[in-house]
Amino acid sequence: MTFQERLALVRQQARKIWALSLPYFQSEEKWRARGLLAAIVALNLAGVWLLVQYNDWYRVFYDALEKRDQAVFWQQLGRFTILAFGMIVLAVYRFYLTQLLEMRWRAWMTGTYLKRWMANHAFYRMELARYGQAEGGAPPDNPDQRIQEDLNLFTTYTVSLTMGAFNAFVTLVSFVGILWGLSGAFGFDLGGRHVEVPGFMVWMAVLYCLAGSVITHFIGKPQIGLNFRQQRLEADFRHHMVRVREYSEAIALDRGEPVERAQLDTRFSRVLGNYLDLIRAQKRLIWFSSFFGQAAVIFPFLVSAPRFFSGAIQLGDLMQISTAFREVQESLAWFVDNYQQLAVWRATTDRLTSFEAHLVAHAAEQDAQQHARVDGPLQTQGLAVALPDGTPLLAGLNLAVANGERVLVKGPSGSGKSTLLRAIAGIWPHARGSVALPADAMFIPQRPYFPDGTLRDALAYPEPAAHYTDEALRAALREALLPQLQNRLDEPDAWSQKLSGGEQQRLAIARVLLKKPTWIFADEATSALDPQAEQNLYAKLAARAQAGAGGLLSIAHRPAVAGFHDKVWELVPGDAPGARYRLQQQPA
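Counting from 1, residues in each chain are numbered in the order their sequence is written. Owing to the predicted nature of the model, reporting of local features is limited to residues with pLDDT of at least 70; listing and counting of side-chain atom pairs is limited to 80 or more, with chain, interface and lining totals taken over all residues. Working from all heavy atoms in the structure, the side-chain values ignore hydrogens and water.

Trainee: An account of the packing of aromatic side chains is requested, with residue identities and associated values reported.
Mentor: For Phe, Tyr and Trp, rings pair up if their centres lie within 6.5 Å, where Trp contributes its six-membered ring, and each pair is then called stacked (planes under 30 degrees apart), edge-to-face (over 60) or tilted (otherwise). Summed over the entire model, instances satisfying the criterion amount to 23 aromatic pairs. Ring centres of Y113 and F355 lie 5.9 Å apart, and the angle between their planes is 20 degrees; this geometry places the pair in the stacked category. You can see Y113 sitting in helix α3 (residues 70-118) and its partner F355 sitting in helix α12 (residues 339-364), a full 242 residues away along the chain. One exposure class covers both Y113 and F355, and it is buried. The interplanar angle of 70 degrees and the centroid separation of 5.3 Å between the aromatic rings of Y449 and Y461 together place this pair among those described as edge-to-face. With Y449 in the loop between β9 (441-444) and β10 (453-454) and Y461 in the loop between α14 (455-460) and α15 (470-479), the pair connects residues that are 12 residues apart, well separated along the chain. Whether a residue is buried, partly exposed or exposed follows from its accessible area with a 1.4 Å probe, protein chains only, as a fraction of its type maximum: under 20%, in between, or over 50%, in that order. Note on Y449: relative accessible area 47%, which makes it partly exposed. Every helix listed is a DSSP run of H or I at least four residues long, and every strand listed is a run of E at least two residues long, numbered separately from the N terminus.

As structure tokens, then:
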């Protein structure tokens, strides 16, 4: 790779960091953010000024020791006390304000990204994109990790590394002049001519650190890709453990523990394998950086020793040269000392940039489907539905459900019944045409969701439980054949794991009976219930829709459910233009 290409990559990375960072400093919190940043910069400048004072203190103090000057010795101890106290106060407030900026920045970014991820069903669409066409690149893996972990890493490293680089630059500017004046000229004969190099120690520090930076980059470069891969493998391992916990009962019933253990072992072995490669890469870098750091300790003494032993400089001058060289060398070696953190920072920035690009793409995405909430009945015009991979399922659907009608949707598995319901709900991104959905409608999905917490919150979700009286909540549970739960409203639990499949379906129906919508859309809402319970609850759902002068649209396989409907939409394989299935309408 040429120098120009490397420079272009650095500029590209800087643009990524700038694009991710700028919104916070232009947000509604911009003045607080800028104020904190300015305070941290001021503290860093004050820290460098104190280092310059320390450097001068070394000269005076060690000269006093060499001359056995007791008065100056005690005077300099007093000066040291003042400098040390100032450095302590500075360190405390620099740490505090830096952590405060990182925390507030992370809080703002987390809130912003959560809002965008949850807006317009982006979280749902990004998950669907995993199984669709990979146009524009694969969707980001584990968005939860991007928000929870990567935002934390990005804000932490952006503040610490940029302030570290700034501090190194200011320190270099401050001490390079001191070192230039102290180091003197280095003379040697070349071809019969005497050559003198002014500021010899400065040039040696530059060459020493330049060589170290180049070598560090070549040794440490593999860590960038390894860090990126490590985060992904760790997230995959954690995600599979979460799935085992969610489906613990099904796995236990299937005796699937050996398979899941093998899957977890495989994922964890990948984690360990990549981590071992990362450790080896870090070991190679530590070998060099440790040698580089140790050699820098003795280097200024070796170069200055001839002048000291000849009497050209005093002990204080020698110590001042040593500390000045150390500050210059550490400033120039900032890249060497922080290479591992830079590698993590770059990998984190790349992952967040990818996540940001997908959020922007989903926000800019124009739905081909026109969806509206209306006061009237359900209607569709030219509705077409496809799978995430682009496979067309249904096309040209002009459907209508009048007030008071109850429609059963049936068909073979995979024909698109649930997908049709998602398109009617307006959440399916692979649909075209128009849908007019009744405003007062509720959907009962195949797998209802219940947030962890109290039972009253799970029942009222997504509304606050305070909107309903205790008696209304208990009545809904009794109507849904869950009388055993009516006295457990304030009991916190993970209800998705606590309740059986049939109980979860009855709790989802209890929500409908509690909220009393006029239109009900049910996707196999009673598939886990016994026939008697199914008959009982479907009668209540049908009566609820009838009482509200609304409608009922159900997906079900059991013949007994058909008796609660007066119309059937059947999806059958056919020769519909541009679709695998066609819809036949007939009386129940």
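Trainee: Give a description of unusual backbone geometry that names residues and reports values.
Mentor: Most of the time, phi is negative for any residue but glycine, and the peptide bond is trans. The omega torsion across Y461 and P462 is 5 degrees, close enough to zero to call that bond cis. Here P462 shows up in the loop between α14 and α15. A positive phi angle is found at H121, which is not glycine, with a value near 60 degrees. Among the structural elements, H121 can be located in the loop between α3 and α4 (122-129).

Trainee: Account for the layout of surface pockets, with residues named and values stated.
Mentor: In this structure, the second largest pocket encloses a volume near 1300 Å³. V10, Q13, F335, L342 and W345 are, among the 37 residues lining the second largest pocket, the residues nearest its centre. At the level of elements, α1 (3-25), α3, α5 (143-183), α6 (200-220), α11 (334-337) and α12 are the ones that each hand at least two residues to the lining of the second largest pocket. Of the residues forming the lining of the second largest pocket, the biggest block, 12 residues, is contributed by α1. When grouped by side-chain class, the residues that make up the lining of the second largest pocket number 27 nonpolar, 7 polar and 3 charged. Definitions used throughout: a 1 Å grid over protein atoms alone; a cavity as a set of points that fits a 1.4 Å probe which cannot get out; a pocket as an open set with protein on both sides within 12 Å along at least five of seven lines; a lining residue as one with an atom within 4 Å of a point. Grid points are joined across faces, edges and corners, and a volume is the space filled by probe spheres set on the points. Think of it as three bins: nonpolar holds Ala, Val, Leu, Ile, Met, Phe, Trp, Tyr, Cys and Pro, charged holds Asp, Glu, Lys and Arg, and polar takes everything else, Gly as well.

Trainee: Mind laying out helix α10 (residues 315-332), listing which residues take part and the relevant values?
Mentor: Here, expected helix span is obtained from the residue count minus one, scaled by 1.5 Å. A rise of 1.5 Å per residue sets the reference length of α10, with its 18 residues, at 26 Å; its end C-alpha atoms lie 26 Å apart and thus fit the reference within 8%. Burial analysis of α10 places 14 of its 18 residues in the buried class, which makes it a mostly covered element.

Trainee: Describe the side chain of S331, listing the residues and the values that go with them.
Mentor: Structurally, the position occupied by S331 is in helix α10. Residue contacts are defined here by distance: any two heavy atoms, one from each residue, within 4.5 Å place the two residues in contact. Sequence-distant contacts of S331, defined by excluding residues within four places in its chain, comprise A168, T171 and L172.

Trainee: Quick one: what's the story with the nonpolar core, residue by residue and with numbers?
Mentor: The biggest cluster of nonpolar side chains holds 41 residues, and the ones touching the most others in it are I444, L455, L459, L477 and L507. Taken together, the elements giving at least two residues each to this core come down to β9, α14, α15, α17 (501-515), β12 (519-523) and α18 (531-547). Per element, the largest residue contribution to this core is 7 residues, and it comes from α17. With sequence-adjacent residues up to four places away left out, L507 is seen in contact with F450, L455, L459, L477, L482 and L499. We define the nonpolar core as a collection of buried residues of types Ala, Val, Leu, Ile, Met, Phe, Trp, Tyr and Cys that are connected through side-chain atoms lying within 4.5 Å of one another.

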